[in-house]
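The chain contents come next:
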Amino acid sequence: MSHSRVRLSADIGGTFTDLVIELADGTLATTKVLTTPSAPERAVLDGASGLLARHGLGLKDVNVFVHGTTLATNAVLERRGAVTALITTEGFRDVLEIGTEGRFDQYDLQMERRAPLVPRSLRLPVQERMDVHGRAVLPLDEAGLLAHIDTLKAAGVTSVAICFLHAYVNPEHEQAARRTLLAALPTLHVSISSEVCPEIREYERVSTTVANAYVQPQMSEYLTRMLEHLDAAGFQGALYLVTSNGGLTSLSTASRFPVRLIESGPAGGAIFAADVARRSGEATVAAFDMGGTTAKICLMDDFTPDTDRVYEVDRSARFQKGSGLPLRIPVIDLFEIGAGGGSIAQVNALKNIQVGPQSAGSEPGPACYGRGGIEATVTDADAVLGLIDPDGFAGGTVPLDLLASRRALSRIGASLNLSSDMAAFGVHEMVCESMANAARVHAIEKGKTIGNHTLIAFGGAAPLHVARVAEKTGVQRILVPPHAGVGSAIGFLRAPISYEVVRSRHSLLGVLDVEQTEGMLGRMAAEAVQLVRQGAPDQPLITQRTAYMRYVGQGHEIAIPASKHRLTDADVALLGRSFESAYIKLFGRAIPGAQVEILTWSVLVTTHPEASAPSADAAVSHTPPIPTGHRDYFDGSTAQRIAIPVFERAQLHMGQLIQGPALITEPQTTTFVSASFGAQVDRHGNLVLDSQLKTQVNA
């Protein structure tokens, strides 16, 4: 993709839909519109049409449209997916409920898990059996499978997941079962585990395949509907969907494997932050993305986001590991909490202010939106504190009602004998503490210290809160990039077209059959290339191969990069040394004499990432910046209102220092510079908040 074309991206969030167009000269234009939950494409198409029209363009002028959607996630969260059945090996119909037999909360006697996506009455067993080596022990009972057809029809099933034991080694029985079902029911959607998740660990494989089947009809209909609307508007370009690992995929692949679209929005944010870090030379960063519904933290070293193999969705104890449905998909590793602008504040039984995880979303939204919401939210608190211009919120598209915010916050204050101002400060302080704690925990789990990172803040709400989060975590340096309010949507435009194929194949490292393994890796690469070429017929491709290794008897693996070229015995020895080094880095020591095994291999095929247009050096000026006005700000530490200066970001130049407290405004967000920081613009146009700049200002 070249920058000589007009490109469009859309990120549908829980509260706002962000849209970005990249014009022929690399210039970005952005807007935010409220999400339309009942028909998400309406906000996308209306917002895109309006944004393009302001530049004399229409959808017919767009060459590339990159789209991230929460539809798959919301279908699972709200249980609005298809009527789904599970066809599985006899004796394994209850895997979905047994899970790993672990308890996510050891001491909660009333602990409840989410109900499986498929009720037991539609978990239908069939006689068949493959052994761990892929040899057929029992043939597939075709008659028994056909006997379930009447059950599927009577229950109105529109989608089926087929998950047989050890199908990740040999998919023949799953493929035969799919052919039989489709011959009897041609309109049925069928997902088979050997294509969706051909990996070891039965529960995760079944859970992932069932989730894919559950959302597939709805996603397929939505994507078809979106394409029809685009065709009617004259769109003739290429349409891509963003996957959870930060790559782009074609419409047909997204329709087959919609489970890979879960968490596509946050993945775009991580790509955006990585691009900002690369251009700014910041090697150790934490991406901090706070929107209307959630806040996300992603750590990255050397401009590469951390990744993972498992993601949990629909947690019954939200944000508590082990309480949700595990999805074994390639995903950017994010720590997510229910802390966004729309997060609802309340006073709990202990008389503490609690913020989130419930969100007011876009309908009805925070009280200040004037759309029927009456509960106090983070946005209401920020507005009462004086951090938000009520006439300029979301680029002026959503005027705020401050009186409604005060009424909502006064109910919080009445429970604690606080003024509405102090209640607003309490809400702001608690949401910042929640995010700071999430950042600390996530870093500790990774063996890192959050205070050593530079925070890159983006999303509509992050620049308002990042300074306080930094104070709480010991972070000394913050970057707020240009267009931070729509960072994830910009990240979509930087994403490469990619696909990752994963296969489980157990082997001891010392007796690895190099020829057989190389043959499997070659087939995996060919499958990935075929899918990537749908969207990138002529572009050069990059192939990355990874082995997932552990000591024999351990429960989890470490990802070790493997040779990009044909495997040799020397490469196998190098894998062993690399594993030992990685193990020592994680745990402080190796295990002498212990055997090492490989459980799984992955092959990622990707185009080169889109580079952002080179940023022109910001204009230099050593004249003190002139504020456009002052805002009446409530300082909770002194319980007093003070006048703080307000600067317009577009008018700031390199060399100009701003002393906190101050506000720096732009169309899609506002940056609050606390008293701990000084701020200036760097050569790339980033706002830099640095504790050392504070010293310079005071010098």
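Described in the following lines is the structure provided in the data block. (Residues numbered from 1 in each chain as written. Predicted model: local features only at pLDDT ≥ 70, side-chain atom pairs only at ≥ 80, totals over all residues. Heavy atoms only, no water.)

What to know about the packing of aromatic side chains
By the definition in use, this model includes nine aromatic pairs. Arranged with centres 6.3 Å apart and planes meeting at 65°, the rings of F16 and Y369 form a pair that is edge-to-face. A residue pair is termed long-range when its members are at least 10 positions apart, and F16 in strand β2 (residues 16–22) and Y369 in the loop between β22 (353–359) and α11 (378–385) qualify at 353 residues. Grouping residues by exposure puts F16 and Y369 together as buried. An aromatic cluster is built from Y551, F579, Y583 and F587, whose rings are joined through pairwise contacts. (Phe/Tyr/Trp six-rings, centres within 6.5 Å; stacked < 30°, edge-to-face > 60°. Helix = DSSP H or I, 4+ residues; strand = E, 2+ residues; numbered from the N terminus. Buried < 20%, exposed > 50% of the residue type's maximum accessible area, 1.4 Å probe, protein only.)

Side note on unusual backbone geometry
Most peptide bonds are trans, and most residues other than glycine sit at a negative phi. Cis geometry is found at the peptide bond from G660 to P661, where omega equals 5°. Tracing the backbone shows P661 in the loop between β31 (658–659) and β32 (662–666). Non-glycine residue R201 carries a positive phi angle of around 90°. Among the secondary structure elements, R201 is positioned in the loop between α7 (193–196) and α8 (202–232). Phi is positive for N417, close to 60°, though the residue is something other than glycine. Considering the arrangement of structural elements, one finds N417 in the loop between α12 (402–416) and α13 (420–445). Exposure remark for N417: the relative accessible area of 72% places this residue in the exposed category.

A few points about helix α15 (residues 487–494)
Of all eight residues making up α15, eight are buried, and the element is well covered by its neighbours. Within α15, burial applies to G487, S488, A489, I490, G491, F492, L493 and R494.

Let's talk about the packing of α12 against α13
One can describe the packing of α12 onto α13 by two numbers: an axis separation of 8 Å at closest approach and a directional angle of 85°. In terms of their interaxial angle, α12 and α13 are classed as roughly perpendicular. Contact with α12, carried on its side by R406, L409, S410, I412 and G413, involves S420, D421, A423, A424 and V427 of α13 and no other residues of that element. Residues that form the contact of α12 with α13 fall into these classes: five nonpolar, three polar and two charged. (Axes fitted to C-alpha atoms, helices over the stretch in contact; angles between N-to-C directions. Parallel < 35°, antiparallel > 145°, perpendicular 65-115°, else oblique. Contact = heavy atoms within 4.5 Å. Nonpolar A, V, L, I, M, F, W, Y, C, P; charged D, E, K, R; others polar.)

Points about the side chain of E500
Take E500: it is sitting in strand β25 (residues 498–508). There is a polar contact of 3.2 Å between the side chain of E500 and the side chain of R309. Not counting the four nearest positions on each side in its chain, E500 is found in contact with N245, R260, R309, P330, Y548, S602, V603 and L604. (Polar contact = N/O pair within 3.5 Å; in protein donor to acceptor, adjacent residues only side chain to side chain.)

Description of the pattern of salt bridges
Evaluation of the coordinates by the stated rule reveals 40 salt bridges. Between R309 and E500 there is a salt bridge, with its nearest N and O atoms 3.2 Å apart. Taken together, the residues span a long stretch of sequence, with R309 in the loop between β16 (307–308) and β17 (311–313) and E500 in strand β25 at a distance of 191 residues. The same class applies to R309 and to E500, which are both buried. The closest approach of N and O atoms between R566 and E515, which form a salt bridge, is 3.0 Å. Taken together, the residues span a long stretch of sequence, with R566 in the loop between β27 (558–562) and α17 (569–587) and E515 in helix α16 (residues 514–533) at a distance of 51 residues. In this structure, R566 and E515 share a single accessibility class: exposed. Through salt bridges with shared partners, a single ionic network connects R7, E22, D275, R278, R279 and R494. (Salt bridge = Lys/Arg side-chain N within 4 Å of Asp/Glu carboxyl O.)

Re the sheet that holds strand β1 (residues 7–12)
With mixed pairing, six strands are arranged side by side in an open sheet as β3-β2-β1-β4-β11-β12. The strands lining the two open edges of the sheet, one partner per strand, are β3 (28–34) and β12 (248–249). Its contacts with the sheet put helix α1 (residues 40–53) on β1, β2, β3 and β4 (64–68), and the angle it makes with β2 is roughly 40°. Across the sheet, α8 touches β1, β4 and β11 (238–242), and the angle it forms with β4 is around 150°. (Pairing = 2+ DSSP bridges.)

Examining the side chain of S9
Of note, S9 is situated in strand β1. Of the residues examined, S9 reaches a relative accessible area of 0% and is grouped as buried. Polar side-chain contacts of S9 include one of 2.6 Å to the backbone oxygen of A489.

Thoughts on the nonpolar core
Ranked by internal contacts, the top residues of the largest apolar core, which has 213 residues, are F65, F288, M435 and W601. Once residues within four sequence positions are removed from consideration, F65 is found in contact with L8, S9, A10, V44, M226, L230, F235, A238, L239 and Y240. (Core = buried A, V, L, I, M, F, W, Y, C linked by side-chain atoms within 4.5 Å.)

Some words on the packing of α1 against α8
α8 packs onto α1 with a crossing angle of 25° between their chain directions and a minimal axis gap of 10 Å. Regarding the angle of α1 to α8, the classification is roughly parallel. α8 is crossed by α1, and the crossing has right-handed handedness. Across from P40, E41, V44 and L45 in α1, the residues of α8 making contact are Y222, R225, M226, H229 and L230. (Left-handed = near helix turned anticlockwise from the far one by under 90°.)

Overview of the environment of A590
Tracing the backbone through its elements, the reader meets A590 in the loop between α17 and β28 (596–607). Judged by relative accessible area, which is 17%, A590 ranks as buried. A C-alpha to C-alpha distance of 47 Å links A590 and A345, two positions 245 residues apart in sequence. With residues near it in sequence (within four places) discarded, A590 still touches Y551, E580, Y583 and I584.

Notes on the pairing of β11
Along β11, four of the five residues are buried, which leaves the element largely enclosed by surrounding structure. Bridging between β4 and β11 involves four bridges; their strand directions are parallel. Bridge pairing links V64 to A238 in β11. Examined bridge by bridge, β11 and β12 share two bridges and lie antiparallel to one another.

Some remarks on the sheet that holds strand β29 (residues 629–635)
Spatially, four strands are ordered β29-β30-β32-β33 in an open sheet, and the strand pairing comes out mixed. Since the sheet does not close on itself, it has two edges, and those belong to β29 and β33 (669–673), each with one partner. Pairs of neighbouring strands in the sheet enclose a mean axial angle of 35°, with direction left out of account.

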